[in-house]
Every structure is written in C-alpha cells, then in structure tokens.
Amino acid sequence: MNADTPASALDTTPSPPAATPDVDRADPKAVLADRVEQLYGQMWLGVVATFAIGTIATYELWDRRMQDLVSFWWGLVALLTITSAALILAYQRSPTRAADAAQWLRWLAIAALANGANWGFAGSVFFPSHTDEQQIFLAFLLSGMAAGGISIYAGSWRIFAMYAAGILAPFTYVLATFGNRLFIEVALMVPVFYAVTVAIAYRLEMVFHAGYQLRHAYGRLTADYSLLNARLERQLVELDDARRQVEASGRKLALFAESAPIPIFEFDPMGRVVTVNREAENLFGHVSKEVVGRDGTAFLFPSELTASVTDRWRSFIRDAKPVMGLRFHNVRRDGSEIVCEWSLTPLVGNDGKVISVIIQGNDITQQLEVERMKKEFMSTLSHELRTPLTSIIGSLQLVNSGVLGDVTSDVTDLTTIAERNGERLLDMINDILDIEKIESGKFTMVPEVVSIDALVREGIALNQAFAERHNTHLETTGEILPVKVHVDRKRLLQVLTNLLSNAAKFSPEGKPVEVAVKAADGRVRVEVHDRGPGIPESFRSRIFSRFSQADSTTARQKGGTGLGLAICKHMIEMMQGEIGFDERPGGGTTFWFQLPRHTD
C-alpha cells in the first residue's frame with residue numbers, strides 16, 4: 001500500500017490483510033544513525049563494566065614482581081575508560097551526530113578495538129606469569145569480557161569482531177605456545193567459538209538493521225499506521241528474542257569446559273573409567289555411577305576384541321600419542337548396536353607418563369547406513385540404465401549410418417543429437433560405475449608394458465574428431481619419446497582421453513590443445529596444455545574430488561558429471577603414479593600425470 005492511499009480505502013473487516021511496508025523507502029543514513037545511537041546508548045554499560053572489572057582484576061593480579069606492569073595496565077584501563085566516556089559525551093552533545101553517524105561509528109570501532117586489545121594484552125602478559133588459580137581467573141575473565149561484548153556491540157558485528165579479536169587473538173597465541181597440551185586444545189577451540197559469536201553478532205545486526213528499516217518505513221506510511229504498528233511490535237519481540245539468544249550463547253561459552261556436544265570419557269592409565277559426560281550417558285543409556293570405576297576398554301569396545309584391545313591399550317599408553325578414527329561396533333544398554341568413531345588423546349605429565357586419557361566419540365551409524373543405501377541405489381540404477389541405453393545408441397547408429405535406408409536431413413540431425421546425448425549419458429553412467437567400483441575395492445588393473453608414444457598418438461587419434469566438434473584440434477609439441485611404462489593400457493588411455501576431452505571442451509575456438517611427453521629421473525610425464533579460462537583459486541583444492549565442478553553453468557553447457565578427474569586420480573595412483581595441474585604462462589592450464597619408467 002502506498003503512503004498516499006486514503007484512509008477510507010482501508011479494509012475494516014475483522015481480519016484485514018497485513019500491510020507490507022516498503023523497506024527500500026527507508027533512508028539508509030537514518031537507519032545508520034539509529035544503529036549508532038543504539039551503540040552509544042549501550043556503551044555506558046561497557047565503560048562502567050570495564051572500569052569495575054579492571055579494578056577487580058588489578059587487585060587479583062597485583063604482584064610485587066610485576067607491580068609496575070600491573071600499574072601500567074591499570075593506567076591503560078583508566079585511560080580507556082576516560083577516553084570512552086569522553087567519546088560518549090562528545091557524541092551526545094554533537095548537534096550533527098545523525099549526519100556524521102558513519103564517522104562516529106568509526107570512532108566507536110577504534111575505541112572498541114583499543115579496549116579489546118587492552119584485555120588481550122592483560123591475558124598475554126599476565127597469564128604465563130601467574131598461578132593456576134589466577135590463570136583460571138584470567139581465562140574466565142577474558143571469556144566473559146568477550147561474550148559480554150556481544151550485548152554491548154550488538155548493533156555492529158564488525159565492531160564486536162574487532163573487539164573480540166583484540167581480546168582472544170593474543171590470549172589464543174599464549175595458550176598455543178604455553179606448552180601444555182590442554183591449553184593447546186583450548187587454543188584450537190577458541191577460534192571456533194569466536195566464529196560462532198561473530199556469526200551471532202552478525203545475525204543480531206541484521207535483525208536490528210531490519211527493525212530500523214521497518215521503523216522508518218512505518219513512519220512513511222500514515223494511512224495504514226495502525227496495521228503496520230502491529231508488525232513493528234512483532235519485530236521488537238524478535239529483537240528481544242535475539243538478545244536473549246545472544247546472552248544464552250555467552251553463558252554457553254563460559255560453561256564450555258563443563259559440557260560438550262559429543263560423548264566424552266576419561267580413562268585412567270589402567271583403562272578404568274574416571275568421568276563420563278552427559279552426552280555419553282544419553283548415547284549408551286548408562287548413568288555415570290554405573291560406569292565410573294569399571295574397566296572402560298571392556299565396556300566401550302566389543303567383547304570379541306577384548307584381547308587385542310588390551311594389547312593395543314598398553315601400546316597406546318606406552319607410546320603416549322593420540323589415536324584418531326578408531327571405528328567399533330558398540331552395544332547400548334538396551335542391546336541395540338551402533339557404530340562409533342573414537343579419538344583417544346593422552347594427557348601426559350611432566351615426567352612423560354600418561355595421567356589420563358580423553359576419549360571422544362561420534363555415532364556414525366546413520367551416516368554409514370545412508371552411504372550404503374546411496375551406493376546400492378547408484379550401482380543398481382547405473383546397471384539398469386546401461387543395458388537399454390546401449391541398445392538405443394546402437395539403433396541410432398544404424399539409422400545414422402544409412403544401413404536402414406536414406407532418411408531426410410532433418411531426421412538425421414535429430415538422430416545425431418540423440419546419439420551424441422545418449423553417448424554422453426552412457427559416459428556418465430560408466431563414470432558412476434567406475435567410481436563405485438573404486439570405492440568398494442572391486443576396481444582391478446591388468447598391467448602390461450606399454451610404449452607411451454604409441455599410447456599418446458592413439459589417444460590423439462581417438463579424440464581428434466571430438467576436438468574438431470568443439471572447433472579446436474589436438475597436436476603434439478616437442479619429441480614424443482618412446483618410453484615404456486608398466487600400466488593398464490585401457491585405463492591409462494581412459495585417463496588420457498578424459499584430459500584431452502576436458503581440454504578440448506574448455507579451450508577457445510581455434511586454439512590448439514598441445515600434448516607433450518617428458519622423461520627424467522626414472523619417470524615419464526605426459527602433459528596436456530590448453531588455453532582455457534583456467535581454474536579458480538577457490539576450486540583448486542577440490543578439483544580432484546567427486547562431483548566437483550568449478551562452474552555449474554559452464555558444466556551444464558560443456559557436459560560432465562564432475563567424476564572424471566576423481567576417477568583419473570584413483571587410476572593413476574593405482575598405477576603408482578601422480579596427477580596434478582599447473583597454471584600455464586599466458587593463460588590456460590596444464591594437466592599432467594607421471595608414471596615410473598619401465599626398465600627391462
């Protein structure tokens with residue numbers, strides 16, 4: 001509804017349709033000014049809290065050995081408190097604060113970063129040099145200050161990110177370099193919770209931003225003000241809910257050491273259960289008092305593996321090295337069986353002996369079942385499709401070859417398109433079957449001695465027509481060396497065909513695809529050069545993964561399942577070789593594979 005709609009045009013029935021405000025009409029500068037005003041309105045709480053908590057921290061950390069440093073830090077706290085208070089007063093007294101909201105926001109960001117860096121300085125300097133109790137006090141203090149910053153800087157996730165980074169980055173570095181395994185593990189987890197809190201702050205800013213946009217949009221809609229006012233109230237309720245969620249997330253961060261979202265056991269070096277967390281109780285159905293003190297290896301691992309598990313446990317305690325990815329079938333209290341993946345982390349004392357072992361688990365029962373069903377479905381579907389599709393392609397080839405008589409050019413065009421797309425579909429099905437065989441361990445090789453020059457020339461001859469169909473051609477560059485390799489000839493030709501066809505599909509029209517063969521250090525290397533658009537930086541790390549395509553739009557235009565390079569990688573590695581790619585000077589990409597040279 002537009003702002004100039006007369007009041008008499010409003011629907012006065014008991015259930016009127018909700019008016020939708022045009023948030024695009026809200027003035028961005030006005031919305032920004034409201035956000036800045038909210039941030040400065042909340043900043044007093046942060047100033048008071050910083051001063052009070054800084055005073056308590058100074059009292060707790062006072063040490064004759066470090067009194068100069070503590071005094072210096074307290075001076076920084078006082079200076080930042082005074083500066084922040086002056087900034088708030090200057091903002092409140094400024095007659096142009098709404099017009100200069102962006103500048104005031106930048107000043108606030110600088111103040112937040114300085115405040116966070118001051119707390120980070122405290123953590124990095126005082127944490128290594130104080131007692132365990134004071135270290136716990138500092139850890140709790142810094143986590144609380146970081147979590148509390150969400151409420152203070154709720155109107156700008158960027159300011160909160162700078163503030164929290166100033167606190168957590170130096171402290172995380174100290175934990176990571178402290179030399180204590182537990183502190184290192186905590187240091188690895190701090191960035192995760194930093195990312196979570198920043199994401200929550202981002203979401204909260206979006207909610208605030210939407211609320212302010214709506215408020216300004218409501219101000220422009222006078223005719224249906226009563227209807228839109230109800231929606232504004234609902235938005236305010238959502239903002240209140242979001243604030244409570246942020247506060248709850250802060251409490252979760254502070255209580256992280258007490259609970260975890262995965263089942264965790266603590267064993268002593270003899271293998272007896274010391275503690276069990278709540279998630280482990282839920283997973284296995286045993287309460288803590290039923291498990292603590294029992295032989296953990298007998299309880300946790302299958303009975304038929306008891307002897308081997310005991311030997312492996314002794315070896316594990318002796319080596320005192322983490323073990324990851326142990327997969328076992330475990331039995332719950334109700335007799336049901338689940339599959340869990342376990343990670344064992346020993347806690348080692350200063351004397352090099354294991355104090356206790358932290359065992360973390362993950363129930364992957366459903367994941368394995370889904371993977372099994374997916375593989376069965378893909379395998380069955382591919383086999384069922386290939387037989388009729390082969391018959392269809394054969395029939396189309398008979399029609400196109402003229403064996404069944406002459407047909408009109410229009411019909412020939414249609415049947416040619418159908419034949420090509422049928423072959424494309426058959427290639428996709430064969431790729432799916434190949435990858436299924438590889439993953440199930442049923443893929444076999446028939447190695448023989450092959451001359452690489454003959455194989456390269458055969459690959460070029462077989463794919464030349466395909467390249468011409470894409471207005472390019474294949475050619476060799478340099479001398480094609482008659483080097484012999486011990487490989488599966490059919491599978492190596494499949495790899496070469498895949499690389500040549502990819503290069504032809506993505507090469508510019510009229511630009512050749514070049515093939516080179518090099519030999520050095522007992523290995524032979526085959527390179528396929530193209531002048532295509534290259535590979536995006538963000539995609540390079542997963543180019544040889546299953547179903548990976550850099551550009552889905554281009555992939556649909558050019559064809560492909562995203563399986564070809566994954567299959568090539570498996571095949572080359574099964575033939576004791578390597579495969580990779582490099583950027584080509586002047587544009588394009590060079591895909592290559594290298595194999596051991598065969599010697600008689």
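A. Molecular detail of the packing of aromatic side chains. One pass over the full model with this rule turns up 14 aromatic pairs. Pairing Tyr40 with Trp104 gives two aromatic rings, centres 6.1 Å apart and planes at 90°, and the pair type is edge-to-face. Placement of Tyr40 in helix 1 (residues 28-61) and of Trp104 in helix 3 (residues 101-126) is noted, with a sequence separation of 64 residues between them. Take Tyr40: its relative accessible area is 2%, and that puts it in the buried class. Relative to Trp342, the ring of Phe284 has its centre 6.1 Å away and its plane inclined at 20°; by these criteria the two rings are stacked. Highlighted residues: Phe284 in helix 8 (residues 278-284) and Trp342 in strand 4 (residues 337-348), separated in sequence by 58 residues. Judged by its relative accessible area of 2%, Phe284 falls in the buried class. An aromatic cluster is built from Phe265, Phe267, Phe284, Trp313, Phe316 and Trp342, whose rings are joined through pairwise contacts. Between the NZ or CZ atom of Arg97 and the centre of the ring of Tyr91, over which it lies, the distance is 5.4 Å. Sitting over the ring of Trp592, Arg525 keeps its end group 4.2 Å from the ring centre.

B. Inspection of the sheet that holds strand 11 (residues 578-583) at higher detail. Taken together, five strands build an open sheet; the order of strands is 7-9-10-12-11 and the sheet is mixed. Where the open sheet ends on each side, the last strands, each with one partner, are strand 7 (474-476) and strand 11. Looking at each pair of strands side by side, their axes are set apart by 25° on average, direction ignored. As paired elements, strand 11 and strand 12 (residues 589-596) share six bridges and run antiparallel to each other. Across the sheet, residue Glu578 finds its bridge partner in strand 12, namely Gln594.

C. Broad picture of the confidence of the model for the chain. Here the chain shows a mean pLDDT of 77. Residues at 70 or above account for 81%. Across residues 1-20, where pLDDT falls below 50, the model places 23 contacts with residues more than four positions away in sequence or in other chains. Contacts from residues 552-557, a stretch scored under 50 in pLDDT, to residues over four places away or in other chains number five contacts.

D. Examining the packing of helix 2 (residues 67-93) against helix 3 more closely. Across the interface, helix 2 lies against helix 3 with an axial gap of 11 Å and an inter-helix angle of 165°. Here helix 3 runs roughly antiparallel to helix 2, going by the angle between their axes. Helix-helix and strand crossings are classified by hand; for helix 2 and helix 3 the assignment is left-handed. Note on element contacts: helix 3 touches helix 2 through Trp104, Trp107, Leu108, Ala111, Ala114, Asn115, Asn118, Trp119, Phe121, Ala122, Val125 and Phe126, opposite Leu69, Val70, Phe72, Trp73, Leu76, Val77, Leu80, Leu87, Ala90 and Tyr91. When the residues that make up the contact of helix 2 with helix 3 are grouped by side-chain class, the tally is 20 nonpolar, two polar and no charged.

E. Main features of the pairing of strand 10 (residues 523-529). A large share of strand 10 lies buried, amounting to six of its seven residues. Note that strand 9 (residues 513-520) and strand 10 share seven bridges and pair antiparallel. Looking at strand 10, one finds that Val517 is bridged to Val526. As paired strands, strand 10 and strand 12 are joined by seven bridges and run antiparallel to one another. Bridged to Arg525 within strand 12 is Gln594.

F. Structural context of the pattern of salt bridges. Taken as a whole and judged by the stated rule, the model has 13 salt bridges. Between Glu290 and Arg333 there is a salt bridge, and its shortest N-O distance comes to 3.0 Å. Here the residue Glu290 occupies a position in helix 9 (residues 288-291), and Arg333 occupies one in the loop between strand 3 (323-331) and strand 4, the gap between them amounting to 43 residues. What makes Glu290 partly exposed here is its relative accessible area of 29%. Each of Lys518, Arg525, Glu527 and Asp582 takes part in salt bridges that share partners, so that together they form one network.

G. Fine view of the pairing of strand 2 (residues 273-276). Judged from the three bridges that link them, strand 1 (residues 264-267) and strand 2 form a sheet pairing that is antiparallel. Residue pairing in the sheet places Glu266 in a bridge with Thr275 of strand 2. Hairpin remark: strand 1 followed by strand 2, antiparallel, with five residues in the connecting loop; positive phi at Gly271, about 90°.

H. Examining helix 15 (residues 489-506) more closely. The first and last C-alpha atoms of helix 15 sit 26 Å apart over 18 residues, in line with the 26 Å expected at 1.5 Å per residue. Along helix 15, the positions that sit buried rather than exposed are Arg491, Leu492, Leu493, Val495, Leu496, Asn498, Leu499, Leu500, Ser501, Ala503, Ala504 and Lys505. Two or three places before Lys490, at the start of helix 15, stands the capping residue Asp488, its side-chain oxygen 3.1 Å from that residue's backbone nitrogen.

Rules used throughout
- Residues numbered from 1 in each chain as written.
- Predicted model: local features only at pLDDT ≥ 70, side-chain atom pairs only at ≥ 80, totals over all residues.
- Heavy atoms only, no water.
- Phe/Tyr/Trp six-rings, centres within 6.5 Å; stacked < 30°, edge-to-face > 60°.
- Helix = DSSP H or I, 4+ residues; strand = E, 2+ residues; numbered from the N terminus.
- Buried < 20%, exposed > 50% of the residue type's maximum accessible area, 1.4 Å probe, protein only.
- Lys NZ or Arg CZ within 6 Å of the ring centre and 35° of its normal.
- Pairing = 2+ DSSP bridges.
- Axes fitted to C-alpha atoms, helices over the stretch in contact; angles between N-to-C directions.
- pLDDT = per-residue confidence, 0-100.
- Contact = heavy atoms within 4.5 Å.
- Parallel < 35°, antiparallel > 145°, perpendicular 65-115°, else oblique.
- Left-handed = near helix turned anticlockwise from the far one by under 90°.
- Nonpolar A, V, L, I, M, F, W, Y, C, P; charged D, E, K, R; others polar.
- Salt bridge = Lys/Arg side-chain N within 4 Å of Asp/Glu carboxyl O.
- Expected span 1.5 Å × (residues − 1).
- Polar contact = N/O pair within 3.5 Å; in protein donor to acceptor, adjacent residues only side chain to side chain.

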